[in-house]
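An overview of the molecular structure
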Amino acid sequence: MGFRSFLSKPLSQFIVNRQQDWVYSAPAAQHQWRKKLIETARTTAFGRDHFFKDVASYDDFKQAVPVRDYEDLKGYIQQIIDGQDDILWPGKPIYFAKTSGTTSGTKYIPISKDSISNHINSARDALLNYVHETGKAEFLDKKLIFLSGSPVLDTKGSVPTGRLSGISNHHVPAYLRTNQLPSYETNCIEEWEEKLERIIDETISQPMSLISGIPPWVQMYFDRIIARTGKPIKDVFPEFQLFVYGGVNFEPYRAKLYESIGKKIDSIEMYPASEGFIAYQDSQHAEGLLLLADTGIFFEFIPTEEFFNENPTRLSLEEVEVGKNYALIINNNAGLWGYSIGDTVKFVSKNPYRLLVTGRIKHFISAFGEHVIGEEVEKALKYAMERQPETEVVEFTVAPMVTPSEGLPYHEWLIEFATAPNDLQRFAFDIDQRLAKLNVYYDDLISGSILRPLKITSLPKNAFIDYMRSQGKLGGQNKVPRLANDRKIADSLVKS
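Our subject in this report is the structure included herewith. (Residues numbered from 1 in each chain as written. Predicted model: local features only at pLDDT ≥ 70, side-chain atom pairs only at ≥ 80, totals over all residues. Heavy atoms only, no water.)

Remarks on the overall build of the chain
- Scanning the chain from N- to C-terminus turns up 18 helices and 20 strands.
- Taken over the C-alpha atoms alone, the chain extends approximately 65 × 60 × 45 Å along its principal axes.
- Counting all 496 residues of the chain, 55% fall into the buried class.
- By sequence separation, contacts in the chain at least 24 residues apart represent 67% of the contacts at least 6 residues apart.
- For the chain, the accessible surface area stands at approximately 21100 Å², while carbon and sulfur atoms represent 50% of it.
- The distance from the centre of the 56 positive side-chain charges to the centre of the 64 negative ones in the chain is 3 Å. (Helix = DSSP H or I, 4+ residues; strand = E, 2+ residues; numbered from the N terminus. Buried < 20%, exposed > 50% of the residue type's maximum accessible area, 1.4 Å probe, protein only. Contact = heavy atoms within 4.5 Å. Areas by Shrake-Rupley, 256 points an atom, 1.4 Å probe, with all protein chains shown as cover. Lys, Arg positive; Asp, Glu negative; His and termini not counted. Charge placed at Lys NZ, Arg CZ, Asp CG, Glu CD.)

Let's talk about the nonpolar core
- In terms of nonpolar packing, the biggest core is built from 79 residues, with Phe301 and Trp337 touching the most fellow members.
- Once residues within four sequence positions are removed from consideration, Phe301 is found in contact with Leu291, Thr313, Arg314, Leu315, Ser316, Leu317, Val320, Tyr326, Ala327, Leu328, Val345 and Phe347.
- Core analysis: the second largest hydrophobic core is formed by 42 residues, Ile211, Phe250, Leu459 and Tyr467 among them. (Core = buried A, V, L, I, M, F, W, Y, C linked by side-chain atoms within 4.5 Å.)

Some thoughts on the pairing of strand β19 (residues 410-419)
- Of all 10 residues in β19, eight are buried, a share of seventy percent or more.
- Both strand β18 (residues 392-401) and β19 contribute to a ladder of nine bridges, which runs antiparallel. Considered in β19, the bridge of Val398 is made with Trp413.
- In this structure, β19 lies alongside strand β20 (residues 455-458), joined through four bridges in parallel fashion. For Ile415, the partnering residue across the bridge sits in β20 and is Ser458. (Pairing = 2+ DSSP bridges.)

Some details on the packing of aromatic side chains
- Inspection of every chain in the model, using the stated rule, returns 20 aromatic pairs.
- Taking 5.9 Å as the distance between ring centres and 65° as the angle between the ring planes, the aromatic pair formed by Tyr130 and Phe139 counts as edge-to-face. Each of the two residues, Tyr130 as well as Phe139, counts as buried.
- Note on Phe417 and Phe427: the rings are 5.8 Å apart at their centroids and 70° apart in plane angle, and the pair reads as edge-to-face. A residue pair is termed long-range when its members are at least 10 positions apart, and Phe417 in strand β19 and Phe427 in helix α15 (residues 424-438) qualify at 10 residues.
- Residue classification places Phe417 among the buried positions, given a relative accessible area of 14%.
- Overall, the relative accessible area of 0% leaves Phe427 in the buried class.
- A network of ring pairs unites the aromatic residues Phe46, Phe52, Tyr76 and Trp337 as a single cluster. (Phe/Tyr/Trp six-rings, centres within 6.5 Å; stacked < 30°, edge-to-face > 60°.)

Overview of the layout of surface pockets
- By volume, the second largest pocket amounts to about 560 Å³.
- Along the walls of the second largest pocket sit 27 residues, with Asp223, Val394, Glu416, Asn462 and Ile465 positioned nearest its centre.
- With seven residues, helix α11 (residues 215-229) is the single largest residue contributor to the lining of the second largest pocket.
- Looking at the lining of the second largest pocket, its residues break down into 14 nonpolar, three polar and 10 charged. (1 Å grid on protein atoms, 1.4 Å probe; cavity = no way out; pocket = protein on both sides within 12 Å on 5 of 7 lines; lining within 4 Å. Points joined across faces, edges and corners; volume = space filled by probe spheres on them. Nonpolar A, V, L, I, M, F, W, Y, C, P; charged D, E, K, R; others polar.)

Some thoughts on empty space enclosed by the protein
- With the rule as written, the count across this model stands at one cavity of 30 Å³ or more.
- If you add up the space inside the largest cavity, you get close to 70 Å³.
- Lining the largest cavity, in full, are Ile80, Ile87, Leu88, Trp89, Pro90, Gly91, Lys92, Pro93, Pro110, Ser112 and Ala334.
- Residue composition of the lining of the largest cavity, by class: eight nonpolar, two polar and one charged.

Side note on the sheet that holds strand β6 (residues 180-181)
- The sheet built from 11 strands is open, its strands ordered β6-β3-β7-β8-β9-β10-β11-β15-β14-β13-β12 with mixed pairing. Looking at which strands have only one partner, the edges of the open sheet turn out to be β6 and β12 (297-303).
- One ladder, built from four bridges, connects strand β9 (residues 266-273) with strand β10 (residues 276-280); its direction is antiparallel. The residue of β10 that forms the bridge with Pro272 is Phe277.
- Contacting β12, β13 (325-332) and β15 (353-360), helix α2 (residues 26-40) crosses the sheet at an angle of about 110° to β12. (Axes fitted to C-alpha atoms, helices over the stretch in contact; angles between N-to-C directions.)

Topic: unusual backbone geometry
- Note the cis peptide between Leu181 and Pro182, where omega equals 0°.
- With respect to the element layout, Pro182 can be found in the loop between β6 and α9 (184-187).
- The linkage connecting Asn351 with the following residue, Pro352, adopts the cis geometry, with an omega of 5°.
- Within the secondary structure, Pro352 sits in the loop between β14 (339-350) and β15.
- A positive phi angle, close to 70°, is found at Asn462, a residue other than glycine.
- Turning to its location among the elements, Asn462 is positioned in the loop between β20 and α17 (463-470).
- On the basis of relative accessibility, which here comes to 31%, the residue Asn462 falls in the partly exposed class.

Concerning the packing of helix α1 (residues 3-23) against helix α6 (residues 116-134)
- One can describe the packing of α1 onto α6 by two numbers: an axis separation of 8 Å at closest approach and a directional angle of 105°. When the axes of α1 and α6 are compared, the pair comes out roughly perpendicular. On α6, the residues touching Ser8, Lys9, Leu11, Ser12, Gln13, Ile15, Val16, Arg18 and Gln19 of α1 are Arg124, Asp125, Leu128, Asn129, Val131 and His132.
- Taken together, the residues of the contact of α1 with α6 sort by class into five nonpolar, six polar and four charged. (Parallel < 35°, antiparallel > 145°, perpendicular 65-115°, else oblique.)

Side note on the pairing of β15
- Relative to β15, strand β11 (residues 289-291) runs antiparallel, the two being bridged by two bridges. Paired with Leu289 across the bridge in β15 is Leu355.
- Two elements, β14 and β15, share seven bridges in a ladder whose sense is antiparallel. Looking at β15, one finds that Val345 is bridged to Val357.

With respect to the sheet that holds β19
- The strand order across the open sheet formed by three strands is β18-β19-β20, and the pairing between neighbours is mixed. Each having just a single partner strand, β18 and β20 make up the two edges of the open sheet. On average, each strand axis in the sheet is inclined to that of its neighbour by 25°, with strand direction left out of account.

In structure tokens:
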């Protein structure tokens, strides 16, 4: 046992013990954070504008702090960029996490000296929960790879600015930095395909034990290694023990990733966002991700069917129900207030509070009133793949065909297969039938002859890679939306 793995055992015990202080009293921890956030930000510009001095109860809070998106906070962000202090949170942010918005262009999300620990320590704690539960720590003594964005930072105003994964790279603990790959120089390469080849050069002969990244880009890494060596990943990296991922649902990628590896390995799902580290998988046996209720964020939840209402219901943690979809709202110790991060979640447990990420509130299809969400299409696809297990899906997206040249409208599924199903017609039928069972509105539209059953369009190899390249979003933390209510992505894929 090496130095790192040896030390990780008592540290994991300490972290898990400390975690128990709030895991089973999460609502109380949440309201303590609500009070602390309001008290700390009382004299900021935002706090004065929203009369924080008069806020005592959660009802007061909801009256004072409206639900908002980036556009609503943009004026405050601009004041920070212009050099002003004490705007959303005391002082100035220590970073802006730069992320892309669909309507706002580039977004600059503040990270404060108080909130940085949420981003950094949560990833550490996820690994230590794994060590504590399984007793496996030897992976910490080998090489660890994090497929992330560039750590090169620029400035916005006077605030260091970059992608969250690049910012996080500056805070990797010293005891892990010596076995972290790729090198800093390689990580700084902006062009993804050039960077990927350099990463392979640096890692292919190393004892890699942990690989972390978004599944489609990890799959691309694996594909390139297999093409070079002619070997499965388990033979290239015999020490490979743990896959850490986040950003997208793992299920559509699971079969192909495990086939590429050549064996099943342990995995840890994380739920980081530029706005805060929300949850992580704390057990290899329990369903869902543990909501981080005591790390500087006060969470709120809006039933998804009410999100676009003028006055939607806002719930605190103790008011949520298991099995119901909610839009996630955060208030944090970097100065985000009533902020919709755009994700939808569903709780699978309240003791402790564990959840699943079910989609994006704006990524749905409701061209005909069906309101099909990401969780439903992913479950329907998984069902069809289980019925024809030879099938391997590289990537997919779904869009409405509102005005076809003939016949009724339909949903078009654009799928890039690594291995196509033996019976594509049956595959489409299985998806359609399962989706109708999962979504009563879709079922009504099909049975009422408003829509015809879905159509699958098989895309050529590398269709999604080529599309992401054309958008300047190849690699890193970028993802293809599963669903769109228009045909912008679909038409680009079909034309390419």
